[in-house]
Amino acid sequence: MSLRATSRALPAMVKVAFAEAVAYRAEMFVWMLATTMPLVMLALWRAVAAEAPVGRFGPAEFTTYFLSMFIVRQLTGSWVAWELNHEVRSGALSQRLLRPVSPIASYAVENLAALPFRALVAVPIGAVALFVVGRSTLASDGRLWVVWAASMLGGWLITFLVNVGIGALSLYMESSLKFMDIYLTMFMVFSGYLVPVELFPPLVRGAVEWLPFRFQVGLPVELMTGAHPLPEGIRLLAIQWGWVLALSATVAALWRNGLRRYAAYGG
Amino acid sequence: MRGMGRYLGLFWIQLRSSLLLALQYRWDFLVDGAISAFYAATAVAPLLVIFHDRETISGWTAPEALLVSGWFILLDAVIDGAISPSLTSVVDHIRKGTLDFVLLKPADAQFLVSTARFQPWRVTNVAGALVVFGYSFQQLGSSPRLEGVIASLGLLAVSVSLLYSLWILTVSVAFYVVKMDNLIYLFTAIFDAARWPVDVFKGFVRFVFTFIIPLALMTTYPAQALLGKLELRTLLFSVLGGALFAACARLVWLRSIARYTSAGG
């Protein structure tokens, strides 16, 4: 499972994964619909802000925030935890293990290959948002957009690693999907997905700023909407990538130990 | 009527096997209890943020909106405990082709698949909802009147049948598009909007949530009934609409199951 073998197999893996994403397009479509929650929150918060602004958020700011959230969530999604649970239980993981490429790499490639498909929906909506709401509520500093791009990659990596980590727990127990449910519930509340992080009461906010959830989708959205000046943006990006490193180490250990227990039943 | 008795018997058998299974995993009771407490807390958190600096939103005060959240938690328990486990397994049956074994049995297929699995420990969520109800009435400084309680229980029955019908409709899609593991996430994503009073939404979204995917009926109306603010006319139309919806779902199910091709894959 050397790095060279993986990089040589990469083009073929991307091609296969993309073909798969196209073949199961109905499933993709359902995923897209299932992540339209920010649009509901948009309707809700707009109604709230119409009476009086909340913090610095008026209706226009909420519109930019939740449209950006919609785009970011589409582009940083991952669903490997469910796949891993399913493949461990059915024994399908054995087939992946036979290949000379690490299963984690193949999951990552499959995940990333589905993204162009999602972008088909998310990008036009982003363009419309820009046009309607105007540039004034988006970040204007070009350097901030570089930080944003790095934070998108970091956000996806955190989501992906958490998915693999919780998925790998299914090697230790019958099913780890309950953990995923708990994680998702916390994600919904603390990531900025339902409520912008800066609107939380100070006490909760202090904790949220150090938890991983906010760095999955909240940070990229905040950077897009110009919530942070450049130095603050870079500081937050550093914390985000700290999480990426810490999670990589944890997940690698979980995965390696878990595989020893893998019984490969079924098939 | 003999048919009815037979189905009641079947229902009891299916429920008992789920209960026995649940008793094997007694620890789940504690785990689920902890999750429900946590879940109730997170369901209420966004409300705290919204009502942080104002008295009312679209005519709803904080304790009144909390009541809507309570109904949301309660119905979520019904979905998680009684509706979604069974119907998620149908999707699996359809994909693998093992629905054959269900169809071969001499009882109605929709009945069999809908009662295949329950998760009794989800009762803990109901307790969470009751705590929320109690707290919001304590904040309101009043208590619900008897006719309000009766009306809201009637609406609860209608909502459960509506949720079940919506699930049947969603599952019917699986007969047409085979690989659909994530249908449940679509369903819960839509249902999540029910935690807010429907008056908050405007225009098209509100129309959809009132008439097409009747979330208003499931959480907003029962809360209004408890508050004694629900009009009798709305109540009657809700019951009528619920019955119509259930009939549609049954028709769609019968048409979809006719398309089932077995074979697996």
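Every value quoted in this text rests on a predicted model; they were computed, and no experiment measured them.

Q: Teacher, can you tell me more about the overall build of chain A here?
A: The helix and strand inventory of chain A stands at 13 helices and zero strands. The linear arrangement of helices and strands in chain A, starting from the amino end, is α-α-α-α-α-α-α-α-α-α-α-α-α. In terms of overall dimensions, chain A is globule-like: its C-alpha atoms have a radius of gyration of 19 Å, near the 18 Å expected for 267 residues. Principal-axis analysis of the C-alpha atoms gives chain A an extent of 60 × 40 × 30 Å. Every one of the 267 residues in chain A was classed for burial, and the buried ones make up 38%.

Q: Can you help me understand the overall build of chain B in this one?
A: Looking only at helices and strands, chain B has eleven helices and two strands in total. Seen in sequence order, chain B has helices and strands lined up from the N terminus as α-α-β-β-α-α-α-α-α-α-α-α-α. Dimensions of chain B, computed from the C-alpha atoms along their principal axes, are close to 60 × 45 × 40 Å. Every one of the 265 residues in chain B was classed for burial, and the buried ones make up 39%. Considering only residue pairs separated by 6 or more positions, chain B has 80% of its internal contacts joining residues 24 or more positions apart.

Q: It is not clear to me how the interface of chain B and chain A should be interpreted in this structure. Could you clarify?
A: Frequently, the measure chosen for interface size is the accessible area that the parts lose on association. Taken together, the contacts link 27 residues of chain B with 24 residues of chain A. The dominant element in the side of chain B that touches chain A, judged by the number of residues it contributes, is helix α2 (residues 27-50) of chain B, at seven residues. Grouping the constituent residues of the side of chain B that touches chain A by class yields 18 nonpolar, four polar and five charged.

Q: I would appreciate a short explanation of the nonpolar core in the present structure.
A: A general feature of soluble globular proteins is that nonpolar side chains tend to end up buried together. Judged by nonpolar contacts, the single largest core of 130 residues is most densely connected at Phe 66 and Val 164 of chain A together with Leu 163 and Trp 167 of chain B. Element by element, the count of residues in this core is highest for helix α3 (residues 62-96) of chain B, at 18 residues. Ignoring anything within four residues of it in the chain, the contact list for Phe 66 of chain A reads Pro 38, Leu 39, Met 41, Leu 42 and Trp 45 of chain A.

Q: I'm lost on the packing of helix α7 (residues 146-176) of chain B against helix α10 (residues 215-227) of chain B in this one. Help?
A: For any two helices packed against each other, one specifies the inter-axial angle together with the distance between the axes. Residues and elements named next belong to chain B. Between α7 and α10, the least distance of the axes is 8 Å, while the angle of their chain directions is 175°. The orientation of α7 relative to α10 falls into the category roughly antiparallel. For the pair formed by α7 and α10, the contact residues are Gly 148, Val 149, Ala 151, Ser 152, Leu 155, Leu 156, Val 158, Ser 159, Leu 162 and Leu 163 on the first element and Leu 217, Met 218, Tyr 221, Pro 222, Ala 225 and Leu 226 on the second. Classifying every residue of the contact of α7 with α10 gives 13 nonpolar, three polar and no charged.

Q: Please clarify how helix α7 (residues 103-113) of chain A should be interpreted in this entry.
A: Residues three or four positions apart in an α-helix share a direction because the helix packs 3.6 residues into each turn. Buried residues of α7 of chain A: Ile 104, Tyr 107, Ala 108, Val 109 and Asn 111 of chain A, and no others. Summarising the contacts, the buried residues of α7 of chain A are in contact with α1 (3-23), α5 (80-90), α9 (142-168) and α13 (230-261) of chain A.

Q: Mind showing me how you'd approach the confidence of the model for chain B here?
A: Residues shown with low pLDDT carry predicted positions that ought not to be read at fine detail. For chain B, the average pLDDT comes to 82, and 95% of its residues sit at 70 or higher. Interface confidence in the predicted complex, given as ipTM, is 0.71; pTM for the same model is 0.80.

Q: When you look at the environment of Phe 179 of chain A in this model, what are you seeing that I'm missing?
A: All names here are of chain A. Mapped onto the secondary structure, Phe 179 falls in helix α10 (residues 177-190). Sequence separation of Phe 179 and Leu 75 is 104 residues, and the distance between their C-alpha atoms is 23 Å. Each residue touching Phe 179, except ones within four places of it in the same chain, is listed here: Ile 166 and Leu 169.

Q: Would you mind going over the environment of Lys 96 of chain B with me for this structure?
A: Within the fold, Lys 96 of chain B resides in helix α3. Given 13 C-beta atoms within 10 Å, Lys 96 of chain B falls into the partly exposed group.

Q: Explain the environment of Trp 27 of chain B to me, please; I cannot follow it from the model alone.
A: All names here are of chain B. Summarising the element assignment, Trp 27 is placed in helix α2. The exposure class assigned to Trp 27 is exposed, which follows from the 9 C-beta atoms found within 10 Å. A C-alpha to C-alpha distance of 9.9 Å links Trp 27 and Trp 121, two positions 94 residues apart in sequence.

Q: Hey, could you run me through the packing of helix α4 (residues 59-75) of chain A against helix α12 (residues 213-224) of chain A in this one?
A: All names here are of chain A. Closest axis-to-axis distance for the α4/α12 pair is 9 Å, and the angle between their directions is 130°. As summarised for this structure, α4 and α12 are arranged oblique, according to the angle between their axes. In this structure, the crossing between α4 and α12 has a hand that is right-handed. Across the interface between the two elements, Tyr 65, Ser 68, Met 69, Val 72 and Arg 73 of α4 pack against Val 217, Pro 220, Val 221 and Met 224 of α12.

Calculation criteria
- Residue numbers run consecutively from 1 along every chain, following the written order of its sequence.
- Written order decides the labels, with chains lettered from A and ligands numbered from 1.
- Residue-level local features of this predicted model are given only where pLDDT is at least 70; pairs of side-chain atoms are given and counted only at 80 or more, and the full residue set underlies all totals for whole chains, interfaces and linings.
- Only DSSP runs of H or I covering at least 4 residues are called helices, and only runs of E covering at least 2 are called strands; the numbering of each starts at the N terminus.
- Using C-alpha atoms as the atom set, the radius of gyration is obtained and then compared with a globule rule of 2.2 Å times the number of residues to the power 0.38.
- Buried, partly exposed and exposed are defined by the number of other C-beta atoms within 10 Å of a residue's own C-beta, namely 20 or more, between the two limits, and 12 or fewer respectively, with C-beta atoms placed from the backbone.
- By the criterion used throughout, residues are in contact when their C-beta atoms, derived from the backbone, lie within 7 Å.
- We call Asp, Glu, Lys and Arg charged. Ala, Val, Leu, Ile, Met, Phe, Trp, Tyr, Cys and Pro are nonpolar, and the rest, Gly among them, are polar.
- For this entry, the nonpolar core is defined as buried Ala, Val, Leu, Ile, Met, Phe, Trp, Tyr and Cys residues connected by C-beta atoms within 7 Å.
- Where helices are involved, their axes are fitted lines through C-alpha atoms of the stretch in contact, as for all axes, and angles between N-to-C directions lie from 0 to 180°.
- Oblique is the label for any angle not covered by the other classes, which are roughly parallel (under 35 degrees), roughly antiparallel (over 145) and roughly perpendicular (65 to 115).
- Values of pLDDT, which run from 0 to 100, indicate the predictor's confidence residue by residue.
- Left-handed describes a crossing whose near helix is turned anticlockwise from the far helix by less than a right angle; the clockwise case is right-handed.

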